[in-house]
Structure formats: structure tokens, C-alpha cells
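# Understanding the architecture of this molecule
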Amino acid sequence: MNYIIHILIILQIYIILALSLNLKTGFTGLLSLCQAAFYGTGAYLTTLLMVDKGLNFFTALFLAILINIALNAAITTWLAGRLRNLYFTLATIALQIVFFGVVYNWQSLTRGPFGIPGIPKPELAGIVFNTPLQFFFLALFFTSVTIVFFYWFAKTPLCKLLECTRDDEVWLTVLGKRPAYFKFVSISITVVFATVAGALYATYMSYIDPTSFTLDESILILTIILVGGTGNIIGPVSGALIYVLLPEALRFVNMPDSISANARMIIYAMILILIVRFKPNGLFGKFEIRG
Amino acid sequence: MEAILNIQNLYKHYEGIVAVDNVNLTIIPGTLTGIFGDNGAGKTTLFNLLSGFENPENGSVFFEGKNITKKSVIYRARHGMGRLFQIPRIFPDVTVLDNLLAAGNNHEAKYLHNYLLKHSAIKKNKIADLEKAKNILDQFHLTEKAGLKAYELSVGEKRLLSLGSLLMNEAKLLLLDEPFAGINEVAAKQIKSILISLKSSGTTFLMIEHDKAKLFELADSVYEMKQGKLLNTTNTHHANH
């Protein structure tokens, strides 16, 4: 039972990450590979505020969101204002690598490769989310909030302006609107939810180290929305379902351990190639991701 | 009557080629001024200088009496200057109606916190913008295509959508770059009648056009651009039919 609950908690974390990347990459057209940096910054900030400063989970999360916006959203918006398309994507890879380098080497703060153990569980009004089932409900709350928010947000005039930013920045400028502002809004919202996912991950696992927030992780989250599709809720959610549940399903196939990991990667790659070739919008996406 | 646009000694050159050579021009509100000229004569550079995409080396541009020579594209757009590009610019993956609504002036809707604090203002502006967009769709015969993605429109329809978006943004002066290029006669007639109707309701136009016949038919005054210089050809001053 705990195994299923564990899978469902991880699934929800990826749903939050995919939905938040969907806004930046799908709606706003900022193809980026630094989602794990946003996620990792959220995890580290929440952890440090809880462990070193003794703050409550929710206070730490709130402060982590603000700091993460000031750090990552500001830098990424600055990059997005100066670089276009593939150049922007390359810059986000650099940002991701810089993030990894910082958390790996700044040992006095992050404890580097040793990681941070003993992260306390979230607590609200005397209830400690200690057991997997309790944590599942906490994750469910945040996932529900995320889904409701993005469902609502997709219908707002502001979201339409993000789509316009994706479609033609020059035309938006000629119409008197400032694309950089809309990019900042989109990236900030992405950062908010990535921080939530990071905080959930850190407190659920009770331990974090830099290897959970690598470029591979960013590629995986991007792959989730490439496969599921962007521009709606169902696309990223279905992508997360496929990529989280598929490896678990493969556990039940009698495959030697020595080849199972490679076989999994081959299956992932095959899915991605087939989707890109035959369904460029992803399984349920509204529009194609552009680089 | 005070000029809506006053261009004084505008000058721009690129690597030895003078693109815009001391151009002077005054445009009165509610008129259509036409410019024709060969490729490379400097027409597009002049439009780039007027709309803020490029800065002149010399000279000034006054819009409604204010010096806007160094102002940004956004500033000019917000103060009523619109530019229609030869290759129509639209938001292709957004519906026709949403293209128009995005160009509207629902300022409160741009800020996320306003959805909590000024919900009713956003709603009110949205209704007003929707009403305005519907009128434009009606006037431009695009009502039936309101729900289509903009990329699905023909070139002529895309140009109308572009024009409609500028009107949603309350442009008072429209810089039209070859509005009749690449479209069939039916679409050309439609654009022509829309321009006449907008002019009669007070909109001002500065238009670049290769088709001299169309230009002389529509314009109150026509200029030829040659090697960066603007030469006054004639004052047509006729009523449009």
C-alpha cells in the first residue's frame, strides 16, 4: 500500500512540475531546460529555512517562493529579454548547470554532495504530515490547487496575452504591450509552482542532494510536456502519468536488472521519437512547442 | 488645424547609402497621405523611423505636438500610432476574436493581483472590449471566422485582422505598408471601402503603396520617395467614392 502511495506522491510532484513548465514553455513559448533548477532552488530554500532557521513548512515555503522569484525568475526573464528561441534554450541549460555547480560546491550552505538529511515533515495546526498517507493528502491539496489555478488562469485575458507573446512579440509591441513583462509573469508563476513541488519533494524524502536536480531532470520534465502536450491541463497530467507510471509498470516485466534501466531509457526515447514524428502537439496538446 | 504628425528634417543613412534624406512632412488629422517609390527608395526605413523601430541620426518627429523622436515603439503605440506591416502580423495560434481582445485596452487584466482586487473592473473592461471587437468583426466581415485560429485566414483577412487589432488599440494615425499587396480584387475592394469609412470617421493614414492608381484614388496628397528624398507630386484633394 505504501508503495502505491509513494508512487502517487511522486506522480503529483511531477504533475505540478509539468503544469508549471506548461505555462512557460507551452503557453508563453519559452522552451527552457532549467525547470530542475527552479525545482531544486525551491527544495533547497525550503529545506534551509526549515532546518537552519527553524521555520514552519508553510512559512518557509512562502519565503522560498519569494526568494526563488527574486533569483530565478529575474535571471530567466533577463535572459528571455535578450535571447530568442534556441539561444534562450541554451542559456537555460547554462543556468541549470550553474545551479548544479553552486549547490554541489557551496558546501558551507548546501552541504554539497553529502546532501541535507533530516528535513522535518510539514506541520499545520498541530498535525504533522508524517505518514505516507498523510503526506499524500497534503500533496493532493497542492496538486488540486495547482490544477484549479491553471484551469482558471488559462481562461483569463492575461493568459491570452502570454499566448500572444509566444506568437509574435513584435506585433505585441506594436500594439503597445510589453512582452518582457508577460514573460516575467509567466516565469514567476512557473517558479511559484516549481518551488511548491521542490518543497513537497524535500519534506517528503526528508533528504535532498544535488543529484535530484540535474539537467537530466529538466529534460525529463520537458519530455513529459512534449509527450502529453501543452496548452491545457490534460496534456501535462497525462505526460506525467506516462513517465511516472511506466517505469513502475516495467518492474513487473521479468527483465534482468542489468538491462532494465537501459531498456527503460530506450522505451522513453522511442515514445518521444514517435510523438515528435507523428503527433507534434503531444498526445493531448493544443499547440506545438517551438524552439 | 493642428498637424497630427509633423516630420522635420528626418535623416538616416547606412554605410554610405542615404536611406532617408532630410524628409519633411506634415499630416493633418482625418487625411490619407500616400507615398510611392521604387524598392530601396527609403519608404520602409521612413516607416521604421516613424514607428520607433529605428532612430534617426537627425531630425524630429512630432506626434500631436509632442516630440516622439526618441520614444519607443510601445510609447508610440500607446499614444495612438499604429503600423500595419506588408506581411500581416497576427497572433497565428490565437483565435480571431482573441487577437482583437489582446489588442484591447483591458489594462487591469494585465496584473494578476487585479483578478482578486479589481475583478469587477476587469469584467467591465472585458465586456466593453468584446463589444468593440464584435463591431470590428462585423465591419470587417469576419464575424463568422471569429472562432477560427488566425493562421487559418487568407492573406486579405489576416491584413483586416491586423488593421482591426490596431483599431482595438485605438490607433489615431495608421502607417500602412502596402495594404493591397498580395490580395485578390475582392479583398482589395473590401480594404479600400474600410479605409474610406475609417477616414470619414476621423482616422488618419500614411500609406506606402506600389499601385499608384489606388494611391491617387484614395489619397488626399501623394508623394514620391526617391533616393531617400520625399518629392511632392500632386495634391489630389478629391472626394473618395
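Residues numbered from 1 in each chain as written. Chains lettered and ligands numbered in written order. Predicted model: local features only at pLDDT ≥ 70, side-chain atom pairs only at ≥ 80, totals over all residues.

Below, the discussion takes up the environment of A:Phe252. Its place among the elements puts A:Phe252 in the loop between α11 (234–250) and α12 (257–278). In the structure, A:Phe252 is positioned 231 residues away from A:Leu21 in sequence and 31 Å away in space, judged by C-alpha atoms. (Helix = DSSP H or I, 4+ residues; strand = E, 2+ residues; numbered from the N terminus.)

Now for the interface of chain A and chain B. At the interface, 18 residues of chain A touch 23 residues of chain B. At the level of elements, α7 (157–167) and α8 (169–174) of chain A are the ones that each hand at least two residues to the side of chain A that touches chain B. It is α7(A) that provides the largest number of residues to the side of chain A that touches chain B, a total of 7 residues. Grouping the amino acids of the side of chain A that touches chain B by side-chain chemistry returns 10 nonpolar, 3 polar and 5 charged. (Contact = placed C-beta atoms within 7 Å. Nonpolar A, V, L, I, M, F, W, Y, C, P; charged D, E, K, R; others polar.)

Our next topic: the domain arrangement of chain B. Residue and element names in this part refer to chain B. The assigned domain composition of chain B is domain 1 (5–90 + 166–235) and domain 2 (93–152). Between the C-alpha centres of domain 1 and domain 2 the distance comes to 27 Å. The interface of domain 1 with domain 2 comprises 7 residues on the first partner and 12 residues on the second. Looking at the side of domain 1 that touches domain 2, the elements that each hand over two or more residues are α6 (155–168) and α7 (185–200). For the side of domain 1 that touches domain 2, the class distribution of residues is 4 nonpolar, 2 polar and 1 charged. (Domains from an automatic or database assignment.)

Residues and elements named next belong to chain B. A sheet is described by the order of its strands in space; here 4 strands give the open sequence β2-β1-β4-β5, paired in antiparallel fashion. Looking at the sheet topology across the chains shown, the edges are occupied by β2 (17–27) and β5 (66–67). When strand β1 (residues 5–14) meets strand β4 (residues 58–63), the two strands line up antiparallel, connected through 5 bridges. Among the inter-strand pairings, Gln-8 is bridged to a residue of β4, identified as Ser-60. Where helix α1 (residues 43–51) meets the sheet, it contacts β1, β2 and β4, and its direction lies at approximately 60° from that of β2. (Pairing = 2+ DSSP bridges. Axes fitted to C-alpha atoms, helices over the stretch in contact; angles between N-to-C directions.)

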